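Take a look at the letters that make up each chain.
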Amino acid sequence: MPYLGSLAFLILHFMLGPSSRPKVKNLIFSYQSRMPLYGRFVFLRMMKLSALVLLLICDHKTWAKSSQERIVGGVELPIHLSPWLASISVHGNYSCSSALITSQWLVTAGHCVNYPDSYVVRAGSVSADEGGQQRDVARIILHPEFKIRTLENDIALLKIRKSFILGGNVQLVKLPLPGLNILPRNLLLAGWGTVSANDSDSAPELRGTLVEAIDQRHCRHLYSHLNRRITDNMLCAAAPGRDHCFGDSGAPLVHRGSSYGIVSFAHGCADPHFPGVYTRLANYVNWIFSVLKTDNKRNLLSDKK
């Protein structure tokens, strides 16, 4: 049934993937507009349903070498469906994910780069260890109010020494409007993390899955049983049997090329009682711009010397 797998990815690419044309703008805002026509609404809903059904009925050999190698509830994902994704490695070992917001800047989770070290990022490859374009990280900027104990403000920016060459399998992710609280229902999650809480090895190739945004009040109630506070700077998403796991930290939560969250933490992996928790990216867009603006000014001053 390989043709079903191809058809499912075509549908997912239409619904969630970027345009086939290279996007090389530095930063692009996005928003979720309402569907003006009922017919278009029904069509898009049918497309989403068709994609999910095909993912469920396809032969597992079409999607993965074995069920043990999948992201939790996920499938093998071609890099062109997540071309903004970049792996982060330390001393040759994969550790986290990140997303390109300009050709020289990436956004990730703060806890991924909380300690000074020699970080390397790789973009444009389904493998975290080879292929694509590799760059050394020159600067790490943690959010000034990041708290490692609670993972509040769990966000950081990475500046690489040499810009990525944009095009093809290396693209930029869009940022949401500052302070945007509205979330799309279906979100694409991709990464190289483990496939269960009992595994220690990351996936050899990129895996992806679809999750749904969870009501904030409901998520707060669930995590209150663990005495874990879910703040307004966080959002929750999950689906039955689908979630991020260890090693997926820093990965973007994407809908149609726009990132709404950054993988932060969860209780276990795909625990039916506790959804995955993400940094709410819309609350940090102004901070991101302030960092980039300051960096541009510093570069201009350096050029004048």
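Described in the following lines is the structure provided in the data block. None of the values given here were measured: they were computed from a predicted structure. (Residues numbered from 1 in each chain as written. Predicted model: local features only at pLDDT ≥ 70, side-chain atom pairs only at ≥ 80, totals over all residues. Heavy atoms only, no water.)

**Some words on the environment of Asn169**
Okay, so step 1: Summarising the element assignment, Asn169 is placed in the loop between strand 8 (156-160) and strand 9 (175-176).
Okay, so step 2: Residues Asn169 and Ile79, spaced 90 residues apart in sequence, show a C-alpha to C-alpha distance of 6.3 Å.
Okay, so step 3: The contacts of Asn169, once residues within four sequence positions are left out, are Ile79, His80, Pro83 and Gly124. (Helix = DSSP H or I, 4+ residues; strand = E, 2+ residues; numbered from the N terminus. Contact = heavy atoms within 4.5 Å.)

**Some remarks on the pattern of salt bridges**
Okay, so step 1: Applying the stated rule across the entire model yields six salt bridges.
Okay, so step 2: With a closest N to O distance of 2.9 Å, Asp295 and Arg139 form a salt bridge. Separated by 156 residues along the polypeptide, Asp295 in helix 5 (residues 285-304) and Arg139 in strand 7 (residues 133-142) bring together distant segments of the chain.
Okay, so step 3: Classification of Asp295 by relative accessible area gives buried; the value is 3%.
Okay, so step 4: Here Arg139 falls in the partly exposed class, since its relative accessible area comes to 25%.
Okay, so step 5: Here Asp295 ties to Arg298 by a salt bridge, and the two come within 3.7 Å at their closest N and O atoms. Here Arg298 and Asp295 lie together in helix 5, a separation of three residues that amounts to about one turn.
Okay, so step 6: One salt-bridge network, held together by shared partners, links Arg139, Lys159, Asp295 and Arg298. (Salt bridge = Lys/Arg side-chain N within 4 Å of Asp/Glu carboxyl O. Buried < 20%, exposed > 50% of the residue type's maximum accessible area, 1.4 Å probe, protein only.)

**Topic: the environment of Gly110**
Okay, so step 1: Here Gly110 shows up in the loop between strand 5 (105-108) and strand 6 (119-123).
Okay, so step 2: Of the residues examined, Gly110 reaches a relative accessible area of 0% and is grouped as buried.
Okay, so step 3: Discounting chain neighbours no more than four positions away, the residues touching Gly110 are Leu142, Phe146, Asp154, Ile155 and Ala156.

**Considering unusual backbone geometry**
Okay, so step 1: Located in the positive-phi region is Leu151, a residue other than glycine, with phi close to 60°.
Okay, so step 2: Within the element layout of this structure, Leu151 appears in the loop between strand 7 and strand 8.
Okay, so step 3: The backbone of Asn227 sits at a positive phi, close to 55°, despite the residue not being glycine.
Okay, so step 4: Residue placement: Asn227 occurs in the loop between helix 4 (216-224) and strand 12 (234-238).

**Examining the pairing of strand 3 (residues 85-90)**
Within a regular strand, side chains alternate between the sheet's two faces.
Okay, so step 1: The buried count for strand 3 comes to six of six residues, which makes it a mostly enclosed element.
Okay, so step 2: Here strand 3 shows a buried face lined by Leu85, Ser87 and Ser89 and a second buried face lined by Ala86, Ile88 and Val90.
Okay, so step 3: As judged from the six bridges shared by strand 3 and strand 4 (residues 93-100), these two strands associate in the antiparallel manner. In the strand pairing of strand 4, Ser87 is matched with Ser97.
Okay, so step 4: Of the strand pairs in this sheet, strand 3 and strand 6 are connected by five bridges, and their pairing is antiparallel. Within strand 6, the position partnered with Ser87 by the bridge is Arg122. (Pairing = 2+ DSSP bridges.)

**Some words on the side chain of His244**
Okay, so step 1: For His244, the location among the structural elements is in the loop between strand 12 and strand 13 (252-255).
Okay, so step 2: Its relative accessible area of 4% is what places His244 among the buried residues.
Okay, so step 3: Sequence-distant contacts of His244, defined by excluding residues within four places in its chain, comprise Leu189, Val263, Phe265, Ala266, Cys269, Gly276, Val277 and Tyr278.

**Comments concerning the pairing of strand 10 (residues 186-191)**
Okay, so step 1: Across the six residues of strand 10, six count as buried, placing the element largely inside the fold.
Okay, so step 2: Side chains Asn186, Leu188 and Ala190 of strand 10 all project onto a buried face; the interleaved residues Leu187, Leu189 and Gly191 project onto the opposite face, where all are buried too.
Okay, so step 3: Sheet analysis places strand 10 next to strand 11 (residues 207-214), joined by six bridges and oriented antiparallel. Residue pairing in the sheet places Leu187 in a bridge with Val211 of strand 11.
Okay, so step 4: Pairing analysis gives two bridges linking strand 10 to strand 13, with the strands arranged antiparallel.

**Considerations on the sheet that holds strand 7**
Okay, so step 1: The strand order 3-4-5-8-7-6 describes a closed barrel built from six strands, whose pairing is antiparallel. Neighbour-to-neighbour, the strand axes of this sheet turn through a mean angle of 45°, independent of strand direction.
Okay, so step 2: The sheet contact formed by strand 7 and strand 8 spans five bridges and is antiparallel. Bridging from a neighbouring strand, Leu142 pairs with Ala156 of strand 8. (Axes fitted to C-alpha atoms, helices over the stretch in contact; angles between N-to-C directions.)

**Quick word on the packing of aromatic side chains**
The way to describe two aromatic rings as a pair is by their centre distance and the angle between their planes.
Okay, so step 1: Per the stated rule, a full pass over the model turns up three aromatic pairs.
Okay, so step 2: Members of the aromatic cluster, connected to one another through ring pairs, are Tyr223, Phe265 and Phe274.
Okay, so step 3: Here Arg228 stacks its cationic end above the ring of Phe265, 4.0 Å away from the centre of that ring. (Phe/Tyr/Trp six-rings, centres within 6.5 Å; stacked < 30°, edge-to-face > 60°. Lys NZ or Arg CZ within 6 Å of the ring centre and 35° of its normal.)

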